[in-house]
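Tertiary structure, described
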Amino acid sequence: MMSPKKTLLSAIATLAVTATSLFAGEGWMTNIDEAKKLSKKENKPLFVEFTGSDWCPPCMMMEKKVFSKEAFKSGAEKDFILVKIDIPNGDKKLKAKNQKVLEKYRVSGVPTVVLLDTKGKEFSRFTASKFNSVDKMLGELKQQLRLKDMF
């Protein structure tokens, strides 16, 4: 039988591994300032999805059909740092924090995608639900990258 101390340490280690795999494996960052640093480091633009995960039907549809799909994440991560800014009604603290980010980027409705270059300058913005499949969304992202590089 393990001592209480060893049992606690084992539980903490298991929790840490589980938390790391849940969040790191998800592929999305939630802090735009940290994402900007990574964007510069990796020389990739930002894909910022603004969502209302627990109250916005088009947001929920996009999460189910596009953003949660491994094909989307692996395809988009080749060219972008993925950021999700959620304003859920069920988490007042997170909603208040992210409401400031919505205001900073002048997002008036969700689901909105804002694309930022490695300097944090916006080069595109669109309503996510217009591209309601993985293929449509990845196609739009490739198009936006081509247009960005033309100017």
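Use the structure listed above.
Residues numbered from 1 in each chain as written. Predicted model: local features only at pLDDT ≥ 70, side-chain atom pairs only at ≥ 80, totals over all residues. Heavy atoms only, no water.

1. Topic: the nonpolar core
How we decide: By convention a nonpolar core is built from buried Ala, Val, Leu, Ile, Met, Phe, Trp, Tyr and Cys residues, the set being connected through side-chain atoms within 4.5 Å. We call a residue buried when its accessible area falls under 20% of the maximum for its residue type, exposed when it is over 50%, and partly exposed in between, using a 1.4 Å probe and counting protein chains only. Runs of E in the DSSP output that reach at least two residues are strands. Runs of H or I that reach at least four are helices, and both are numbered from the N terminus.
One finds Phe47, Phe67, Phe72, Met137 and Leu141 to be the most contacted residues of the largest nonpolar core, which totals 19 residues. Broken down by element, the residue count for this core peaks at five residues, all from helix 6 (residues 134-150). Core analysis: the second largest hydrophobic core is formed by 18 residues, Phe50, Val83, Tyr105 and Val107 among them.

2. Regarding the pairing of strand 1 (residues 46-51)
Put simply, the test is: At least two DSSP bridges between two strands are needed for those strands to be called paired.
Counting buried residues in strand 1 gives six out of six residues, a clear majority hidden from the surface. Burial along strand 1 is two-sided: the face carrying Leu46, Val48 and Phe50 and the face carrying Phe47, Glu49 and Thr51 are both buried. Pairing geometry for strand 1 and strand 2 (residues 81-86), over six bridges, is parallel. Note on strand 2: the bridge partner recorded for Phe50 is Ile85. Looking at chain direction, strand 1 and strand 3 (residues 112-116) are connected through five bridges and run antiparallel. From the neighbouring strand, Glu49 faces strand 3, where its bridge partner is Val113.

3. Some details on the side chain of Ser39
What counts here: Two residues form a contact once any of their heavy atoms are found within 4.5 Å.
The topology assignment puts Ser39 in helix 2 (residues 32-42). Not counting the four nearest positions on each side in its chain, Ser39 is found in contact with Lys44, Pro45, Leu46, Ile81, Asp117 and Thr118.

4. So, the sheet that holds strand 2
In any sheet, the strands associate via hydrogen bonds between backbone groups, in a parallel or an antiparallel arrangement. Let me state the cut-off plainly: Axis lines are fitted through C-alpha atoms, for helices just across the contact stretch, and the angle between N-to-C directions can take any value from 0 to 180 degrees.
The strand order across the open sheet formed by four strands is 2-1-3-4, and the pairing between neighbours is mixed. Looking at strand neighbours, the two that pair on one side only are strand 2 and strand 4 (122-127), the edges of this open sheet. The average angle at which neighbouring strand axes cross in this sheet is 20 degrees, direction not considered. Bridge count between strand 3 and strand 4: five bridges; the pairing is antiparallel.

5. Quick look at the packing of aromatic side chains
Under the convention used in this document: Centre distance within 6.5 Å is the pairing criterion for rings of Phe, Tyr and Trp, where only the six-membered ring of Trp is used; planes under 30 degrees apart are then read as stacked, over 60 as edge-to-face, and the remainder as tilted. Here, over-ring charges are defined by two tests on the NZ atom of lysine or the CZ atom of arginine: distance to the ring centre within 6 Å, and angle to the ring normal within 35 degrees.
For the structure on display, the rule yields nine aromatic pairs. Seen in terms of ring centroids, Phe47 and Phe67 are 5.8 Å apart; in terms of plane orientation they differ by 65 degrees. Their pairing is edge-to-face. Linking Phe47 in strand 1 with Phe67 in helix 3 (residues 57-67), this pair joins segments that are 20 residues apart in sequence. Taken individually, Phe47 and Phe67 each receive the classification buried, so the pair is uniform in this respect. Through a chain of ring-to-ring contacts, the aromatic side chains of Trp28, Phe47, Phe67, Phe72 and Phe80 assemble into a single cluster. When the ring centre of Trp28 is taken as reference, the NZ or CZ atom of Lys84 above it lies at 4.3 Å.

6. Digging into unusual backbone geometry
With an omega of 5 degrees, the peptide bond running from Val110 to Pro111 counts as cis. Relative to the helices and strands, Pro111 resides in the loop between helix 5 (92-104) and strand 3. Its identity as a non-glycine residue notwithstanding, Asn43 has a phi of 55 degrees, on the positive side. Take Asn43: it is sitting in the loop between helix 2 and strand 1. For Asn43, a relative accessible area of 60% translates into the label exposed. Even without a glycine there, the phi angle at Arg106 is positive, about 55 degrees. Here Arg106 shows up in the loop between helix 5 and strand 3.

Purely geometric stuff here, so don't read any function into it on its own.
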